[in-house]
Amino acid sequence: MPVAKTQLRKVAQRILDALGCPEAELSVSIVGDRAIRVLNREYLGRDKATNVISFAMQEGEFGAINPEVLGDVVISVDTAAREAEESGQTFLERFNFLLLHGILHITGYDHERSGEAAAARMEAKEREIFSLLVEEGLV
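Conventions adopted
- Residues numbered from 1 in each chain as written.
- Predicted model: local features only at pLDDT ≥ 70, side-chain atom pairs only at ≥ 80, totals over all residues.
- Heavy atoms only, no water.
- Phe/Tyr/Trp six-rings, centres within 6.5 Å; stacked < 30°, edge-to-face > 60°.
- Helix = DSSP H or I, 4+ residues; strand = E, 2+ residues; numbered from the N terminus.
- Buried < 20%, exposed > 50% of the residue type's maximum accessible area, 1.4 Å probe, protein only.
- UniProt positions renumbered as here; feature names shortened; annotations may be inferred.
- Contact = heavy atoms within 4.5 Å.
- Arc of directions from axis to C-beta.
- Polar contact = N/O pair within 3.5 Å; in protein donor to acceptor, adjacent residues only side chain to side chain.
- Axes fitted to C-alpha atoms, helices over the stretch in contact; angles between N-to-C directions.
- Parallel < 35°, antiparallel > 145°, perpendicular 65-115°, else oblique.
- Left-handed = near helix turned anticlockwise from the far one by under 90°.

A. Molecular detail of the packing of aromatic side chains. The tally for this structure, following the rule as stated, stands at 3 aromatic pairs. Between Tyr43 and Phe55, the aromatic rings sit 5.2 Å apart at their centres with planes inclined by 75 degrees, giving edge-to-face as the arrangement. A residue pair is termed long-range when its members are at least 10 positions apart, and Tyr43 in helix α2 (residues 33–44) and Phe55 in strand β2 (residues 52–56) qualify at 12 residues. For Phe55, a relative accessible area of 22% translates into the label partly exposed.

So this is what it looks like as structure tokens:
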């Protein structure tokens, strides 16, 4: 399950370019199920491992301090590997989809709290950008 740093940067940059924020900064952390479970429990009140969690820096009282810093995306390689195997995807396909999903969250897309229309909007954007990544050979 290796994730090359240079490939990760290329994919993240392409996603940011496609979203119209090429100068934006974000942090990507790659962890295991144990670490993501702790984050999920402490910050979201869900005591279980998950595939990706995002922490947006543009939200809240101090969100406008540095508009170029989008936030943090944390991906569990353990869950990504399991989901890839279950869905018939390669590990990198699943990992890059989770990276895309996390970046969409920190750029304002939501599928959990904002209703069906917002969820459909996010899913359409996921399909659009993931297709772009595939076409460009990044996935």
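Next, the rest of the story.
B. Here's a closer look at the UniProt feature "binding site: Zn(2+)" (unreviewed entry) in the chain. Per the UniProt annotation, the sites labelled "binding site: Zn(2+)" (unreviewed entry) are His101, His105 and His111. For His101, the location among the structural elements is in helix α4 (residues 91–106). Apart from the residues within four sequence positions on either side, His101 is in contact with Val52, His111, Met122 and Glu126. Taking the relative accessible area as the measure of exposure, His111 reaches 31% and is therefore partly exposed. For His111, the contacting residues outside a window of four places in its chain are His101, His105, Ala119 and Met122.

C. Geometry of helix α3 (residues 77–87). Along α3, the residues classified as buried are Val77, Thr79, Ala80 and Ala84. Seen end-on, α3 carries its buried residues on one side only, within an arc spanning 160 degrees. Opposite the buried face of α3, at more than 90 degrees from it, the exposed residues are Glu85 and Glu86. Two or three places before Asp78, at the opening of α3, Ser76 has a side-chain oxygen 3.4 Å from that residue's backbone nitrogen. A positive phi of about 80 degrees marks Gly88, the residue just after α3.

D. Focus on the packing of helix α1 (residues 5–18) against helix α5 (residues 116–135). Packing of α1 against α5 leaves a shortest axis separation of 10 Å and a crossing angle of 130 degrees. Taken together, the axes of α1 and α5 lie oblique to each other. For the pair α1 and α5, the crossing hand works out as right-handed. Side by side, α1 and α5 meet where Val11, Arg14, Ile15 and Ala18 of the first sit next to Ile129, Leu132 and Leu133 of the second.

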